[in-house]
Amino acid sequence: MPLSIQSLNEAHAREMSGWHYDAPYDFYNLSLNEIEQNIHYFLNPQNNFYGIFEKQEFVGYCSFGEDGQVPGGDYSTPGLDIGMGIRPDLTGQSRGSCYVEAVLDFARQTFAPPFVRVTIAAFNQRALRVWYKVGFRAVKTFEHQTQGVPFVILIRDAGRTSKDCEKSLLVK
Ligand SMILES: CC(C)(COP(=O)(O)OP(=O)(O)OC[C@H]1O[C@@H](n2cnc3c(N)ncnc32)[C@H](O)[C@@H]1OP(=O)(O)O)[C@@H](O)C(=O)NCCC(=O)NCCS
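Residues numbered from 1 in each chain as written. Predicted model: local features only at pLDDT ≥ 70, side-chain atom pairs only at ≥ 80, totals over all residues. Heavy atoms only, no water.

Colleague: Help me understand the nonpolar core, please; the structure alone is not making it clear to me.
Modeller: Grouped together as the largest cluster of nonpolar side chains are 30 residues, with contacts concentrated most on Ile5, Phe64 and Phe136. Taken together, the elements giving at least two residues each to this core come down to strand E1 (3-7), strand E2 (49-54), strand E3 (57-64), strand E4 (80-86), helix H3 (96-111), strand E5 (115-121), helix H4 (125-133) and strand E7 (150-157). Each residue touching Ile5, except ones within four places of it in the same chain, is listed here: Tyr50, Gly51, Ile52, Cys62, Ala102, Val103 and Phe106. (Core = buried A, V, L, I, M, F, W, Y, C linked by side-chain atoms within 4.5 Å. Buried < 20%, exposed > 50% of the residue type's maximum accessible area, 1.4 Å probe, protein only. Helix = DSSP H or I, 4+ residues; strand = E, 2+ residues; numbered from the N terminus. Contact = heavy atoms within 4.5 Å.)

Written out as structure tokens, the structure reads:
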């Protein structure tokens, strides 16, 4: 199994705090003035952050629950919210859908949710394509409560899995 989801340690949290995405994805860059607060946030068990590892190499993170919600969205229906980010140097290499499948497998095993949900900035066509590809569908569009940025909420039942990912990662 090439991918695993494991707990984060402080070194991982510190590394994530410094990840830098090029425009237009710099939207996701964290403030370098708030490194310690962000590390604390990532390591707080209530925020359910985990690392994504490929043969023990730290390649991304995922989160489950309120961290994945965006202010202004309607989260009144049941569903497990998922947040995710791939290490900047590994983005744009067709890894997204396999990583998402691994995160969904972990979510099913750990939280057994009826539905899984993700909230994506509407400009981020790259991310939207990945989540559509693994079977999510858009259910609502809204604007961030304070920033006015448009976001899309996508949802899927949690029950399905794809077996193609291990193969496609192994041939890389
Ligand atoms: C979002 C993310 C998971 C996507 O994974 P990825 O491995 O980088 O994406 P891929 O390389 O698989 O690209 C996905 C699709 O978008 C397409 N794509 C790439 N750039 C694009 C663009 N600017 N506009 C439209 N489509 C684009 C790719 O061609 C690919 O399409 P295909 O599956 O039909 O071939 C990853 O980039 C990431 O974690 N980014 C961090 C920041 C972020 O965007 N977070 C959003 C929350 S998930």
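Colleague: It is not clear to me how the packing of aromatic side chains should be interpreted in this structure. Could you clarify?
Modeller: How two aromatic rings sit relative to each other is given by the distance of their centres and the angle of their planes. For the structure shown, the criterion picks out 18 aromatic pairs. Plain terms: the ring middles of Phe53 and Phe58 are 5.6 Å apart, the flat faces sit at 35 degrees to each other, and that makes the pair tilted. Across the pair, Phe58 and Phe53 agree in class, each one buried. Here the aromatic cluster, defined as three or more aromatic residues joined through ring pairs, consists of Trp19, Tyr41, Phe42, Phe49, Phe53, Phe58 and Tyr61. (Phe/Tyr/Trp six-rings, centres within 6.5 Å; stacked < 30°, edge-to-face > 60°.)

Colleague: I keep staring at the sheet that holds E7 and nothing clicks. Help me out?
Modeller: Pairing between the strands of a sheet is mediated by backbone hydrogen bonds and can be parallel or antiparallel. Pairing within the open sheet is mixed, and its 7 strands lie in the order E1-E2-E3-E4-E5-E7-E6. Only two strands of the sheet have a single partner each, and these edge strands are E1 and strand E6 (137-143). Neighbour-to-neighbour, the strand axes of this sheet turn through a mean angle of 30 degrees, independent of strand direction. In this sheet, E3 lies alongside E2 in antiparallel orientation, the contact comprising 6 bridges. Directly across from Glu54, in E3, lies its bridge partner Glu57. Sheet strands in contact with H4 are E4, E5, E6 and E7, and its direction is about 160 degrees off that of E5. (Pairing = 2+ DSSP bridges. Axes fitted to C-alpha atoms, helices over the stretch in contact; angles between N-to-C directions.)

None of this, on its own, says anything about what the molecule does.
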